[in-house]
Amino acid sequence: RGSKLVLVWVLKCLDLTETEAKKIRVYPVPANDVISIDNNLELNVLIKDVYGRVMGEATIQPGISHLDLLHYAPGIYFLHFSNGLSKQVQKMQIMR
């Protein structure tokens, strides 16, 4: 039994994180009372403070979703998006 040589040329690989991350848009930045999230996937969102504490969570549907920020103190937060396959983190600042 002879062996076979197989050559595979990989020109560019993009995982789900790289391609889908470009499709999540959060605005306005900085935020005041509400942020809008424009995306094309159902996503779980964790809102964490600068110490890593979970301050809130939500599940958002494809399209434009709005998150109420009235009960958050002004400061820096991190939005952790996940869909079971990939994760992305975006920084958010609340100013009033």
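Relevant structure appears above.
Please read all numbers here as calculations on a predicted model, not as lab measurements. (Residues numbered from 1 in each chain as written. Predicted model: local features only at pLDDT ≥ 70, side-chain atom pairs only at ≥ 80, totals over all residues. Heavy atoms only, no water.)

A.B. asks: So what about the nonpolar core? Which residues, and what values?
C.D. replies: If you look at the biggest cluster of nonpolar residues, it comprises 17 residues, and the most contacted ones within it are Ile35, Ile37, Ile47, Leu79, Phe81 and Met92. Broken down by secondary-structure element, the contributors of at least two residues to this core are strand S2 (34-39), strand S3 (43-49), strand S6 (75-82) and strand S7 (87-94). In contact with Phe81, other than residues within four places in its own chain, are Ile24, Val26, Ile37, Leu43, Asn44, Val45, Ile60, Ser86, Lys87, Gln88 and Gln90. (Core = buried A, V, L, I, M, F, W, Y, C linked by side-chain atoms within 4.5 Å. Buried < 20%, exposed > 50% of the residue type's maximum accessible area, 1.4 Å probe, protein only. Helix = DSSP H or I, 4+ residues; strand = E, 2+ residues; numbered from the N terminus. Contact = heavy atoms within 4.5 Å.)

A.B. asks: Go over the sheet that holds S7 with me, naming the residues and quoting the values.
C.D. replies: Consider a sheet: its strands pair through backbone hydrogen bonds, and that pairing is either parallel or antiparallel. If you trace the 4 strands from one edge of the open sheet to the other, you get S4-S3-S6-S7, paired in antiparallel fashion. Strands with a single pairing partner mark the edges of an open sheet, and in this sheet they are strand S4 (54-60) and S7. Within the sheet, the average angular offset between the axes of one strand and its neighbour, ignoring direction, is 20°. As paired elements, S6 and S7 share 8 bridges and run antiparallel to each other. Counted as the bridge partner of Phe78 is Lys91 from S7. (Pairing = 2+ DSSP bridges. Axes fitted to C-alpha atoms, helices over the stretch in contact; angles between N-to-C directions.)

A.B. asks: Talk me through the environment of Tyr51; I want residue IDs and the actual numbers.
C.D. replies: Within the secondary structure, Tyr51 is located in the loop between S3 and S4. In this structure Tyr51 comes out as exposed when scored by relative accessible area, which is 68%. Sequence-wise, Tyr51 and Phe78 are 27 residues apart; in three dimensions their C-alpha atoms are separated by 10.0 Å.

A.B. asks: Lay out the packing of aromatic side chains in plain terms, naming residues and giving numbers.
C.D. replies: Given two aromatic rings, their pairing is described by the distance between the two centres and the angle made by the two planes. Scanning the model with the defined rule gives 1 aromatic pair in all. Seen from their ring centres, Tyr72 and Tyr77 are 5.5 Å apart, and the 75° between their planes marks the pair as edge-to-face. Each member of the pair, Tyr72 as well as Tyr77, is classed as buried. The positively charged end of Arg25 is found above the aromatic ring belonging to Tyr27, 4.3 Å away from the centroid. (Phe/Tyr/Trp six-rings, centres within 6.5 Å; stacked < 30°, edge-to-face > 60°. Lys NZ or Arg CZ within 6 Å of the ring centre and 35° of its normal.)

A.B. asks: Mind laying out the pairing of S3, listing which residues take part and the relevant values?
C.D. replies: Every second residue of S3 is oriented toward a common face, the buried set being Leu43, Val45, Ile47 and Asp49 and the non-buried set Asn44, Leu46 and Lys48. Summarising the sheet, S3 and S4 pair through 6 bridges and their orientation is antiparallel. Bridge assignment links Asn44 to a residue of S4, and that residue is Thr59. Where S3 folds back on S4, the antiparallel hairpin that results is connected by 4 residues, among which Gly52 adopts a positive phi of roughly 85°. Taken together, the 6 bridges between S3 and S6 define a ladder with antiparallel strand orientation. Following the sheet pairing, Asn44 is matched in S6 by Ser82.

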